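Each chain, written out:
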Amino acid sequence: MAAIRNSSEHQQKVYERWAPVYDRVYRGLLKDGHRTVARLASEAGREILEVGVGTGLVLPYYPKQCSVTGIDLSEHMIAKAREKVARNRLFHVRALQVMDAHRLQFADRSFDAVCLPFVITLIPDPERALDECARVLRPGGEIIIASKLGDGRGLQGAIEEAVAPLVHKVGWSSAFRIARIAEWVERRGDFEVADIRRVFPNGFFKVMRLRQLAGH
Ligand SMILES: C[S@@+](CC[C@H](N)C(=O)[O-])C[C@H]1O[C@@H](n2cnc3c(N)ncnc32)[C@H](O)[C@@H]1O
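Residues numbered from 1 in each chain as written. Predicted model: local features only at pLDDT ≥ 70, side-chain atom pairs only at ≥ 80, totals over all residues. Heavy atoms only, no water.

### Looking at the nonpolar core
Put simply, the test is: We call a set of buried residues a nonpolar core when its members are Ala, Val, Leu, Ile, Met, Phe, Trp, Tyr or Cys and they connect through side-chain atoms within 4.5 Å of each other. Burial status follows relative accessibility: with a 1.4 Å probe on protein chains alone, a residue under 20% of its type maximum counts as buried, one over 50% as exposed, and anything between as partly exposed. A run of H or I in DSSP becomes a helix once it reaches four residues, and a run of E becomes a strand once it reaches two; helices and strands are each numbered from the N terminus. Any two residues having at least one pair of non-hydrogen atoms within 4.5 Å are treated as being in contact.
Counting 37 residues, the largest nonpolar core has Tyr15, Tyr22, Ile48, Leu59, Tyr62 and Leu96 as the members making the most contacts within it. Put simply, the parts of the chain that give this core at least two residues each are helix 1 (8-18), helix 2 (22-44), helix 3 (75-87), strand 3 (93-98), strand 4 (111-117), strand 5 (137-147) and strand 7 (205-212). Residue contributions to this core peak at eight residues, all from helix 2. Beyond its immediate chain neighbours, meaning those up to four positions away, Tyr62 contacts Val37, Ala38, Ala41, Ile48, Glu50, Val68, His92 and Cys115. In terms of nonpolar packing, the next biggest core, distinct from the first, is built from 30 residues, Leu104, Phe111, Trp184 and Phe191 among them.

### Thoughts on the packing of aromatic side chains
Within a pair of aromatic rings, the relevant descriptors are the distance that separates the centres and the angle that separates the planes. What counts, and what does not: Here a pair means two rings of Phe, Tyr or Trp (six-membered ring of Trp) with centres within 6.5 Å. Their orientation is stacked below 30 degrees between planes, edge-to-face above 60, and tilted elsewhere.
For the structure on display, the rule yields seven aromatic pairs. Taken together, a centroid distance of 4.8 Å and an interplanar angle of 45° make the contact between Tyr22 and Tyr26 tilted. Taken together, the residues Tyr22 and Tyr26, both in helix 2 and four residues apart, mark about one turn of the helix. The pair formed by Tyr22 and Tyr26 is uniform in burial state, with each residue classed as buried. Taking the centre distance of 4.9 Å and the plane angle of 75° together, the rings of Phe204 and Phe205 count as edge-to-face. Given the relative accessible area of 3%, Phe205 is considered buried. The rings of Trp18, Tyr22 and Tyr26 are connected pair by pair, giving a single aromatic cluster.

### Section: the environment of Ile159
Within the element layout of this structure, Ile159 appears in helix 5 (residues 154-169). Counting along the chain gives 16 residues from Ile159 to Ala175, while the straight-line C-alpha distance between them is 8.9 Å.

### A closer look at the pairing of strand 2 (residues 67-72)
In plain terms, the rule: Pairing between two strands is assigned when DSSP locates at least 2 bridges connecting them.
Within strand 2, six of the six residues are buried, leaving the element largely enclosed by the surrounding structure. Here strand 2 shows no split at all, with Ser67, Thr69 and Ile71 on one side and Val68, Gly70 and Asp72 on the other all buried. Where strand 1 (residues 47-51) and strand 2 come together, five bridges link them in parallel fashion. For Leu49, the partnering residue across the bridge sits in strand 2 and is Thr69. Across five bridges, the pairing between strand 2 and strand 3 is parallel. Its bridge partner being in strand 3, Ile71 is matched across the sheet by Gln97.

### Notes on the site of the ligand
Just so we agree on the cut-off: Only heavy atoms are used to decide nearness, and a residue is near a molecule or strand if one of them lies within 4 Å of it. Distance and chemistry together define a polar contact, namely a pair of N or O atoms within 3.5 Å, with one atom able to donate a hydrogen and the other to accept it when in protein, and with adjacent residues in sequence counting only for side-chain atoms on both sides. A 1.4 Å probe and the Shrake-Rupley method give the accessible areas. Residues count as covered only by the protein chains that appear here. Polar here means any residue outside two lists: the nonpolar Ala, Val, Leu, Ile, Met, Phe, Trp, Tyr, Cys and Pro, and the charged Asp, Glu, Lys and Arg; Gly therefore counts as polar.
Neighbouring the ligand are 19 residues; Tyr22, His34, Gly52, Asp72 and Pro117 lie closest to it. Between Tyr22 and the ligand, the recorded distance is 2.8 Å, taken from a side-chain N or O atom to an oxygen atom. Here a nitrogen atom of the ligand and a backbone polar atom of Leu73 are 3.2 Å apart. Here the ligand, which alone exposes 600 Å², has 100% of that area covered by the protein. Broken down by class, the residue content of the shell around the ligand amounts to eleven nonpolar, five polar and three charged.

### Some points on the UniProt feature "domain: Methyltransferase type" (unreviewed entry) in the protein
This is how it is decided: UniProt positions are given in the numbering used here, feature names are shortened, and annotations may be inferred rather than shown by experiment.
The residues that UniProt annotates with the feature "domain: Methyltransferase type" (unreviewed entry) are residues 49-145. The straight-line gap between the two end C-alpha atoms of residues 49-145 is 12 Å; of that span, 25% is helix and 32% is strand.

### Re the sheet that holds strand 7
In sheet architecture, strand pairing relies on hydrogen bonds along the backbone and comes in two forms, parallel and antiparallel. Heads up, the rule is: Between N-to-C directions, angles span 0 to 180 degrees; the directions come from axes that are lines fitted to C-alpha atoms, helices contributing only their stretch in contact.
Strands sit in the order 3-2-1-4-5-7-6 across an open sheet of seven strands; the sheet is mixed. Because the sheet does not close on itself, it has two edges, and the strands there are strand 3 and strand 6 (191-199). Going from strand to strand, the sheet's axes swing by 15° on average, the running direction of each strand aside. Two elements, strand 6 and strand 7, share eight bridges in a ladder whose sense is antiparallel.

So this is what it looks like as structure tokens:
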């Protein structure tokens, strides 16, 4: 099978189309993952960066004492997030900016937690994006990832591979392997996998906590 290449241009085009209908389709399906991400991030500290903030579906779930910055490649998705922040008076959202996860325009050690809800599998170079997340994280901080993270095994793995070209067209990914994140952790040596939990529907999505080790 031909390799599927994520590109930022593809993502921008696809999510321009998704922006008007995204909430109606995904709010319920991703709610458990969204809540879990927000809770875990707030446990890591007050200063939070959300990468791939999209239409801002996670934003209402952060506790009010947090200070949340969101970035996304798509100005159309971010526009929806801005509407949501204004409409729901989400004063804990400090800034929403169009930005690429490969090049975060923040100083080193700026955040207690960096969240990537349902985005890591879509980023053309996820390892580079994770390096950027690590750079802007303060020592001891956490990277929280939610996505469809498969292990590639058995019938399910075969089906995920088979449908990958189809789901790619609509801006999703089915064949991203959790091993890719574990290998990144291993290679860097300054993070540990603190937790992996399964969330709705029926454990289909996973939420992964990566903690930066003390002394790094
Ligand atoms: C499936 S949506 C998830 C949105 C939101 N996090 C949620 O859970 O509802 C994926 C989002 O990632 C954004 N995205 C894709 N590639 C990106 C990149 N390289 N940098 C920043 N955002 C990106 C897309 O524009 C889209 O808004």
